[in-house]
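Structure at a glance
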Protein chains: 2
Amino acid sequence: MVRFFVDEAVFNSEIPVLTDENFKHAKVLRLKTDEKIVLCDGKSNEIICVVKEIHQEYIELEILKRQKSLNEPKVKVSVYMALPKSDKFEHVIQKATELGAFEIVTFPTARCVSKLDEKNLLRKKERWQKIAESAAKQSMRGCIPEVKVLPDYKTALEEAGKAENTLLFYENENSVMLKSVLKEDTYKTISIITGPEGGFEKSEIDTARAEGVKVCSLGKRILRCETAPLCALSAIMYDYSEF
Amino acid sequence: MVRFFVDEAVFNSEIPVLTDENFKHAKVLRLKTDEKIVLCDGKSNEIICVVKEIHQEYIELEILKRQKSLNEPKVKVSVYMALPKSDKFEHVIQKATELGAFEIVTFPTARCVSKLDEKNLLRKKERWQKIAESAAKQSMRGCIPEVKVLPDYKTALEEAGKAENTLLFYENENSVMLKSVLKEDTYKTISIITGPEGGFEKSEIDTARAEGVKVCSLGKRILRCETAPLCALSAIMYDYSEF
């Protein structure tokens, strides 16, 4: 069943409708009367609907059943990724959404080459959020991960630190493995932090440790900055028996 | 330490040298006398060398120590991916190499949109192998995964079936999870098979089952064709305690 994310007003209405972007998308998909679709509020609530009538500018639906989304992982993983170059962050937003990330957060570190200028930030955030929404639709998620931008590394550590388990992956860490710091089903919230192209500075690792972050390894092969968060996310979902 | 993949003759010589492409790369990296580097034969053998003398057209090395590569995973995972559109296969070659794939194999299936025409195949294979080599260098691999092209799905099933454990990921499989068909450290060789953008046809799944392939799920969220093999590979490496 195709899914559409709608706002609260539509989601809570007795006779929900598809309008604007959703309407256009429905036309592209050639949605037909009597076809079943899923409406999502993006917060894990869904309605199974049937297409009642296709009007000139909107589509009228009939509610069959309200339910909790069945496709959200039990564990909430927040992906903290130091801002990489150009389109790599967009790649990570798309893939992390498919893989079940709860939210995707970026922030600058000492070795980040890319800079976020105030002027373009709003436009970029909008674009990034759209990528997350589109990936959530395609992968049948019940939630759309929020894409956040934090002003500095210190704030990122603070925010990431609010999870029950906060992990940072560092290529020079050789002894502590991800497996040893995960305990299946124990944590409801996990933050994973990864560095930019040039890696973290030693002092940044020290700061993280001082904040109680667990610094660990993703193995002997050096992963690119855009591969590391997705590898870690896959492994965590696997560890939590998501597949 | 920077690593260079060299041919057998250079690898076995008493005084190895960097020439041609490797020489150019060394110049770009501004390699200096007395700097340590790693020479690899691409088959898990390495030599720690020191730069002895930089000549006009080649660099003379001195052997410090021959050793087995320390960075290769214990389990050999062959990645079988139905040919996707355009640059997605290149993406998977790069990422699967970083993540420790033993080999990367593509083949056509009923719903493949891309076609491999005989004329361009040689040129493409060369390009694909170069991507694997470059990713192997960057990720510090001791082996370069071979990129192979098979003529049809039947051959792919036969070849993949030579592994001790052969898995196929299918989005309509809801009960058999990857976790249930992996047993940590039990298998030395695993093949993973994933479909094209449009997925496998039901009849292709039946054929795979008839051949003894284990059909399993990567969870409730639908992964894009280029995400699935990398997610599975990450999970297998994690299961085998690679990180």
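The model shown is predicted, which means the values in this text are computed figures rather than measured ones.

Topic: helix H3 (residues 88-98) of chain A
Of all eleven residues in H3(A), ten are buried; the element is thus mostly enclosed. Those residues of H3(A) that fall on the buried side of the exposure criterion are Phe89(A), Glu90(A), His91(A), Val92(A), Ile93(A), Gln94(A), Lys95(A), Ala96(A), Thr97(A) and Glu98(A). Contacts made by the buried residues of H3(A) are with strand S6 (76-82), strand S7 (103-107), helix H4 (118-138), strand S8 (146-149) and helix H8 (228-239) of chain A together with helix H3 (88-98) of chain B.

Some words on the pairing of strand S7 (residues 103-107) of chain B
Residue and element names in this part refer to chain B. Of all five residues making up S7, five are buried, and the element is well covered by its neighbours. Burial along S7 is two-sided: the face carrying Glu103, Val105 and Phe107 and the face carrying Ile104 and Thr106 are both buried. Across five bridges, strand S6 (residues 76-82) lies against S7 in parallel orientation. Following the sheet pairing, Ala82 is matched in S7 by Phe107. Here S7 runs beside strand S8 (residues 146-149); their pairing, made up of four bridges, is parallel. Looking across to S8, one finds that Thr106 is bridged to Val149. Handedness of the crossover joining S7 and S8 through helix H4 (residues 118-138): right-handed.

Some thoughts on unusual backbone geometry
Of note in the backbone geometry, Arg30(A) takes a positive phi value of approximately 55 degrees without being a glycine. Position of Arg30(A) among the secondary structure elements: in the loop between helix H2 (20-28) and strand S3 (36-40). By relative accessible area, which is 65% here, Arg30(A) ends up exposed. Even without a glycine there, the phi angle at Met140(B) is positive, about 70 degrees. Tracing the sequence through the fold places Met140(B) in the loop between H4 and S8.

Some remarks on the sheet that holds strand S3 (residues 36-40) of chain B
All names here are of chain B. In space, the five strands of this open sheet follow the order S1-S3-S4-S5-S2, with mixed pairing throughout. The sheet is open, and its two borders are formed by strand S1 (2-5) and strand S2 (17-18), each paired with just one other strand. Relative to strand S4 (residues 45-54), S3 runs antiparallel, the two being bridged by five bridges. Bridge assignment links Cys40 to a residue of S4, and that residue is Glu46. The strands touched by helix H2 (residues 20-28) are S1, S2, S4 and strand S5 (59-68); relative to S1, the strand with the most contacts, the crossing angle is about 165 degrees.

Notes on the packing of H8(A) against helix H8 (residues 228-239) of chain B
Packing of H8(A) against H8(B) leaves a shortest axis separation of 8 Å and a crossing angle of 65 degrees. Considering their axes alone, H8(A) and H8(B) lie roughly perpendicular with respect to each other. Once H8(A) is placed against H8(B), the crossing between them reads as right-handed. Contacts from Cys231(A), Ser234(A), Ala235(A), Tyr238(A) and Asp239(A) of H8(A) reach H8(B) at Cys231(B), Ser234(B), Ala235(B), Tyr238(B) and Asp239(B). Residue classes in the contact of H8(A) with H8(B) are distributed as six nonpolar, two polar and two charged.

What to know about the environment of Lys125(A)
Residue and element names in this part refer to chain A. Within the secondary structure, Lys125 is located in helix H4. Residue Lys125 is classed as partly exposed on the basis of its relative accessible area, which comes to 34%. Linking Lys125 and Val147, residues 22 residues apart in sequence, is a C-alpha distance of 7.2 Å. What Lys125 contacts, discounting residues up to four positions off in sequence, is Val147 and Val149.

Here we look at the sheet that holds S6(A)
All names here are of chain A. Strand order across the open sheet formed by six strands is S8-S7-S6-S10-S9-S11, with parallel pairing between neighbours. Because the sheet does not close on itself, it has two edges, and the strands there are S8 and strand S11 (214-216). Strand after strand, the sheet turns through a mean of 20 degrees between neighbouring axes, direction not considered. In the packing of H3 onto the sheet, contacts are made with S6, S7 and S8, and the angle to S7 comes to roughly 160 degrees.

Comments concerning the confidence of the model for chain A
Of all residues in chain A, 99% have pLDDT values of 70 or greater, and the mean over the chain is 95. Predicted complex, confidence summary: ipTM 0.92, pTM 0.93.

Some details on the interface of chain A and chain B
Frequently, the measure chosen for interface size is the accessible area that the parts lose on association. Each side of the interface is counted separately: chain A has 39 residues, and chain B has 39 residues. Around 3400 Å² of area is buried between chain A and chain B when both sides are counted, 54% of it from carbon and sulfur atoms. It is Arg221(A), Tyr238(A) and Phe243(A) in chain A that bury the most area against chain B; as a group they hold 26% of the surface buried on that side. Where chain A meets chain B, there are six salt bridges.

Conventions we followed
Residues numbered from 1 in each chain as written. Chains lettered and ligands numbered in written order. Predicted model: local features only at pLDDT ≥ 70, side-chain atom pairs only at ≥ 80, totals over all residues. Heavy atoms only, no water. Buried < 20%, exposed > 50% of the residue type's maximum accessible area, 1.4 Å probe, protein only. Helix = DSSP H or I, 4+ residues; strand = E, 2+ residues; numbered from the N terminus. Contact = heavy atoms within 4.5 Å. Pairing = 2+ DSSP bridges. Right-handed = clockwise from strand over helix to strand, strands pointing away. Axes fitted to C-alpha atoms, helices over the stretch in contact; angles between N-to-C directions. Parallel < 35°, antiparallel > 145°, perpendicular 65-115°, else oblique. Left-handed = near helix turned anticlockwise from the far one by under 90°. Nonpolar A, V, L, I, M, F, W, Y, C, P; charged D, E, K, R; others polar. pLDDT = per-residue confidence, 0-100. Buried area = accessible area lost by both parts, 1.4 Å probe. Salt bridge = Lys/Arg side-chain N within 4 Å of Asp/Glu carboxyl O.

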